[in-house]
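Single-letter residue listing:
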Amino acid sequence: LRPRGLFSPAERIRFILGEEDDGPPPPQLFTELDELLAVDGQEMEWKETARWIKFEEKVEKGGERWSKPHVATLSLHSLMELKMCIEKGTIMLDLEASTLPQVVETIIDSHVESGQLKADLKEKVMYTLLRKHRHQTKKSNLRSLADIGKSVSSASRLFSNQENGSPTTAHRNLTSNSLGDFSDKPEKDQLKNKFMKKLPRDAEASNVLVGEVDFLENPFVAFVRLQQAVMLGALTEVPVPTRFLFILLGPKGKAKSYHEIGRAIATLMSDEVFHDIAYKAKNRQDLLAGIEEFLDEVIVLPPGEWDPDIRIEPPKSLPSSDKRKNMYAGVEAPHMNGDTPHDAGHGAAGGGGGGGHQVGEELQHTGKFCGGLVLDVKRKLPFFASDFCDALHIQALSTILFIYLGTVTNAITFGGLLGDATENMQGVLESFVGTALTGAVFCLLAGQPLTILSSTGPVLVFERLLFNFSKDNGFDYLEFRLWIGLWSGLFCLVLVATDASFLVQYFTRFTEEGFSALISFIFIYDAFKKMIKLGHKNPINTQYDPNLREPATNSLFMRKCVKWHLLSLFLQSENATWATLSRDQCLKYGGDLVGDACGFVPDITLMSFILFFGTYACSMALKQFKTSRFFPTTVRKLISDFAIILTILVFCGVDALVGVNTPKLIVPSEFKPTSPHRGWFVPPFGGNPWWVYLAAALPALLVTILIFMDQQITAVIVNRKEHKLKKGAGYHLDLFWVAILMIICSFMGLPWYVAATVISIAHIDSLKMETQTSAPGEQPKFLGVREQRVTGIFVFILTGLSVFMAPILKFIPMPVLYGVFLYMGVASLNGVQFMDRLKLLLMPAKHQPDLIYLRHVPQRRIHLFTFIQGLCLALLWILKSTVAAIIFPVMILALVAVRKAMDYLFSQHDLSYLDDVIPEKDKKKKEDEKKKKQKKKGSIDSEIDFVSALSSWTVFAR
């Protein structure tokens, strides 16, 4: 009904792609190119020579293996010839057929009726198209479809004009027998083909058959789309139903041209835009419009400036086809090749501006009492059951072990520091109990169970100052701390009831990355600090000599041996003294080594640093092993998932094998308070004057700011849209449980806990999911995070049981765990745009990566933005390292004010690429609404124009 020439190709594509279809999107296509060749000097047969999913794979000239996946490079001439084939050939869309002989016979009959094929050549074309198919998966020939019940002995008998053998009779026998005996079920070799793992379950096939024959004078071309995809037996290498068929048979002498045309149509079928057009096309003109669109996007390389034999490696990240589709759907204005629209890069991790959290309903101010909390509960309750079912995966086990070791190390470190700061009123055991209790309850009931609770540096500073203040003024420390915790918990509950978490939307990427980078740097700094402290405790003596005798050049290394009187008489008879004996002789005669140098073991520090750096390097290498070229995909992914656990086991083995007495993990083995002067319950009255209970509200206000900032900034980072979380956030519900648990910990005299940035990011990274099936040469696509509650719950249950696992945990060297700390700190910096911009300072312009903000923002403005962010980070670091660290949360809040002030220094255009736009000046929301209106209006206008034009054509035809 739509005559050719009525609409331009762009208008046709706009109409095709703009059609609303309630059904599922078109499935993935597997395209196979078969060519008519004589194999081993025998009869002609169809031999598989190439295949496509996303990229091209060729059968190498030796015929024994597939090539590496590569970008298909086509000649412009082959595309023009393909276009001519579609213009002049037979096009059959939505053909009803269930077997290959039916399809072939229908195509041939159509050619005969249209006069494109002589009737006397019908049998020869039928026989040729039903020849056997040899796939690369097997060496032996597949049984020919034409040989089933064939009444003639060879092709020569069919093609000859002998009087005693009518071709018509042969064709009748061939066709009837083929239709009777042909099976549409896949063969055993197809079912065993491992290549099926690369295809999704709903994939369909597109078969391209090209070849030259000696009985045709003009090309025989057909493009067929079946109404329903059907299994056509052994036609395809893999057992997937066929939806498309492209057939090209031509005269002798143009085999290379036919081959290139076959590659051209196969490449088009693997292109996402043409793929959609092929599924939705109504006639020949729609297909030609699709080819025109493809030609518009083609980039031509000059023949003398590159080698066509070079196979182009697939890119690490494929550009989205949405840009091309939206161009015709009226969403955006067209862009030149190589340009990227603003929204395409906006929010890309590490590359685009913006990013960050989405201001959805979870951050809206309801204006009702506990309105946000109620919405959080309603949002998360439907997913509660799935939060346990979704954890049934091997990946969850590796995550539990990895995060458990990180949590135990952090609990021991924090507990030791807290014990020193409070004279063991809170120690390692309290740290273990508090971590297990709060973490397990939070992961079970909170809004975002991927968040891991832990103790933080600012809390430790506050505890130290509070203990010293209580000691100097004669206050009961635990009781004073209890009232501060009660007031702070109450303040947090008030924040929950008034929907104060909506302020989180003002935390832009500038604030998030400043806080996240600071915590990551603290992890890295603390890892090295602990190793240096270990080195001071076990110093390396570069002048050490095991046989050093008195007098020594340095009194520090002098050694003498003390022996009983009886052996002294023996030495006198030998005319020797203890001081003149070597170390081995001294020990042999039962002497005691006395002096600094005598107990010197120079191997401890060296071995510790080997374990430390070895753990870090091995963890990084194994985590990236999934992108290596070794082993099958499943093995690589398994090694990557268990990277940290495998590394710890390896270096625990190395430590045990070498036998050096390195520092080991020490876990409390008895369940009782660290201090004998306290119990597991802190009485609220009796230890301090009554006015202290009211005065505690003042420091509680500072603690509330600390808790709110630490918790919500980490929650914002966890809930970032680039993590593709599908079950929603729960900012109000999270803060509610942090407040409740803080009150419980205050009564039990346990440390206060809040969301830990680095460990939470590590938790998310270890639970990331990727596509199970990816085309050869295509990088697996990030699908999201395995959102569940089980990993967190088990991590904290194991942490609580660690007291009973002390005999096992004592074999883990502390340098190995410090290496894990270093890995977690470095890994959490990946994808932070601030780090990418820091690297730009050291890169010449020609070596800088193609980042979206480099295209749209002047480089001097980028460096100024980075300098301001780095200056804020340095000031926070200095503040953290002084006594003023107690106001650290207030300074984090000041980052929001700094970002606000930057609106007067940078344009909104620049900030939209470098940072999230602050809500009241957020133009993106308005732009999205405007684009939606334009798209809707464009679709309606296009439909009206089409209907009007169709009506005019109908009137004209009448």
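Bear in mind that the values here come from a model prediction, so they are computed numbers and not experimental data.

What counts as what
Residues numbered from 1 in each chain as written. Predicted model: local features only at pLDDT ≥ 70, side-chain atom pairs only at ≥ 80, totals over all residues. Heavy atoms only, no water. Salt bridge = Lys/Arg side-chain N within 4 Å of Asp/Glu carboxyl O. Helix = DSSP H or I, 4+ residues; strand = E, 2+ residues; numbered from the N terminus. Buried < 20%, exposed > 50% of the residue type's maximum accessible area, 1.4 Å probe, protein only. Phe/Tyr/Trp six-rings, centres within 6.5 Å; stacked < 30°, edge-to-face > 60°. Axes fitted to C-alpha atoms, helices over the stretch in contact; angles between N-to-C directions. Parallel < 35°, antiparallel > 145°, perpendicular 65-115°, else oblique. Left-handed = near helix turned anticlockwise from the far one by under 90°. Contact = heavy atoms within 4.5 Å. Nonpolar A, V, L, I, M, F, W, Y, C, P; charged D, E, K, R; others polar. Core = buried A, V, L, I, M, F, W, Y, C linked by side-chain atoms within 4.5 Å. Domains from an automatic or database assignment. Expected span 1.5 Å × (residues − 1). pLDDT = per-residue confidence, 0-100. Patch = residues over 30% accessible without salt bridge, like charges linked within 9 Å, V, L, I, M, F, W, Y side chains within 5 Å. Areas by Shrake-Rupley, 256 points an atom, 1.4 Å probe, with all protein chains shown as cover. Polar contact = N/O pair within 3.5 Å; in protein donor to acceptor, adjacent residues only side chain to side chain.

*Asks:* Got a minute to help me understand the pattern of salt bridges in this structure?
*Replies:* Pairs can form between side chains of opposite charge whenever their charged atoms are close. Overall, the coordinates contain 21 salt bridges when judged by the stated rule. For Lys68, the salt bridge identified is with Glu313, shortest N-O distance 3.1 Å. You can see Lys68 sitting in the loop between β3 (56–58) and α2 (76–88) and its partner Glu313 sitting in the loop between α10 (284–297) and α11 (322–329), a full 245 residues away along the chain. Of the charged contacts, one joins Asp390 and Lys727 as a salt bridge, the two residues approaching to 2.8 Å between their closest N and O atoms. With Asp390 in the loop between α14 (386–389) and α15 (394–422) and Lys727 in the loop between α26 (697–718) and α27 (731–748), this pair connects stretches of sequence that are 337 residues apart. For Lys727, a relative accessible area of 9% corresponds to the buried category. Among the charged side chains, a network of salt bridges with common partners joins Asp387, Asp390, Lys727 and Arg789.

*Asks:* Looking at this structure, I do not really get the packing of aromatic side chains. What am I missing?
*Replies:* Pairs of aromatic rings are described using the distance from one ring centre to the other and the angle between the two planes. The final tally for this structure, using the stated rule, is 21 aromatic pairs. On the basis of an interplanar angle of 75° and a centroid distance of 5.9 Å, the ring pair of Phe475 and Trp691 is categorised as edge-to-face. With Phe475 in the loop between α17 (457–473) and α18 (477–497) and Trp691 in helix α25 (residues 690–695), this residue pair connects regions lying 216 residues apart in the sequence. Look at Trp691 and you get partly exposed, because its relative accessible area is 42%. Relative to Phe612, the ring of Phe609 lies with its centre 6.4 Å away and its plane at 85°, an arrangement referred to as edge-to-face. Of this pair, Phe609 and Phe612 are both found in helix α22 (residues 603–623), three residues apart, which corresponds to roughly one turn of the helix. Since its relative accessible area comes to 24%, Phe609 is described here as partly exposed.

*Asks:* Can you walk me through the pairing of strand β6 (residues 204–212) in this structure?
*Replies:* For a regular strand, the rule is simple: side chains alternate between the two faces of the sheet. Taken across its nine residues, β6 has nine buried, putting it largely inside the fold. Here β6 shows a buried face lined by Glu204, Ser206, Val208, Val210 and Glu212 and a second buried face lined by Ala205, Asn207, Leu209 and Gly211.

*Asks:* Just checking my understanding: could you explain the packing of α22 against helix α24 (residues 643–658) for this structure?
*Replies:* Working note: a packed helix pair is described by the angle between its axes plus the distance between those axes. Running from amino to carboxyl end, α22 crosses α24 at an angle of 150°, the nearest separation of the two axes being 9 Å. Classified by the interaxial angle, the pair formed by α22 and α24 is roughly antiparallel. Of the two possible hands of crossing, α22 and α24 adopt the one that is right-handed. Here Met607, Ile610, Leu611, Gly614, Thr615, Cys618, Ser619, Leu622 and Lys623 of α22 come into contact with α24, specifically with Ala643, Ile644, Leu646, Thr647, Phe651, Val654, Asp655 and Val658. Looking at side-chain class alone, the contact of α22 with α24 contains eleven nonpolar, four polar and two charged residues.

*Asks:* Could you clarify how one ought to interpret the nonpolar core in this entry?
*Replies:* Core analysis: the largest hydrophobic core is formed by 133 residues, its most contacted members being Phe402, Ile484, Leu665, Ile707, Met824 and Tyr853. A domain-level breakdown of this core finds at least three residues from each of domain 2 (381–537 + 607–831) and domain 3 (832–917). Contact partners of Met824, with chain neighbours within four places excluded, come to Phe402, Phe523, Val758, Ile759 and Ala762. Core analysis: the next-biggest nonpolar cluster, separate from the first, contains 34 residues, Leu33, Leu93, Val210 and Leu268 among them.

*Asks:* Whenever I open this one, helix α8 (residues 255–270) confuses me. Can you help?
*Replies:* Owing to its 3.6 residues per turn, the α-helix brings residues three or four apart onto one side. Its 16 residues give α8 an end-to-end C-alpha distance of 23 Å, which sits within 8% of 22 Å, the value for a rise of 1.5 Å per residue. Taken residue by residue, α8 has Tyr258, Ile261, Gly262, Arg263, Ala264, Ile265, Ala266, Thr267, Leu268, Met269 and Ser270 as its buried positions.

*Asks:* Would you mind showing me how to read the packing of helix α28 (residues 757–765) against helix α31 (residues 814–827) here?
*Replies:* Axis separation between α28 and α31 bottoms out at 9 Å; the angle between their running directions is 80°. The orientation of α28 with respect to α31, classified from their angle, is roughly perpendicular. Residues Val758, Ile759, Ala762 and Asp765 of α28 touch α31, and the partners they reach there are Met824, Gly825 and Ala827. Class assignment of the residues belonging to the contact of α28 with α31 gives a composition of five nonpolar, one polar and one charged.

*Asks:* Looking at this structure, I do not really get the confidence of the model for the chain. What am I missing?
*Replies:* Mean pLDDT over the chain stands at 75; residues scoring 70 or higher make up 74%. In the model, residues 549–567 has pLDDT below 50 throughout and makes 43 contacts with residues more than four positions away in sequence or in other chains. The low-confidence segment residues 918–928 (pLDDT under 50) makes 15 contacts with residues lying over four places distant or belonging to another chain.

*Asks:* Looking at this model, I keep getting lost on a nonpolar patch on the surface. Mind explaining?
*Replies:* Together, Val377, Leu381, Phe384, Leu444 and Leu445 make up a nonpolar patch on the protein surface, roughly 390 Å² of accessible area in all. Relative to the helices and strands, Leu381 is located in the loop between α13 (371–380) and α14. For Leu381, a relative accessible area of 58% corresponds to the exposed category.

*Asks:* Explanation requested: the side chain of His133 in the structure shown.
*Replies:* Within the secondary structure, His133 sits in strand β5 (residues 133–134). Of note is the side chain of His133, whose polar atom sits 2.9 Å from the side chain of Asp34.

*Asks:* How should the environment of Ser516 be read in this particular structure?
*Replies:* Mapped onto the fold, Ser516 is located in helix α19 (residues 509–537). Overall, Ser516 belongs to the buried group, its relative accessible area being 6%. For Ser516 and Ile761, which are 245 residues apart along the polypeptide, the C-alpha to C-alpha distance reads 9.6 Å. Setting aside its immediate chain neighbours within four residues, Ser516 contacts Ile717, Thr757 and Ile761.

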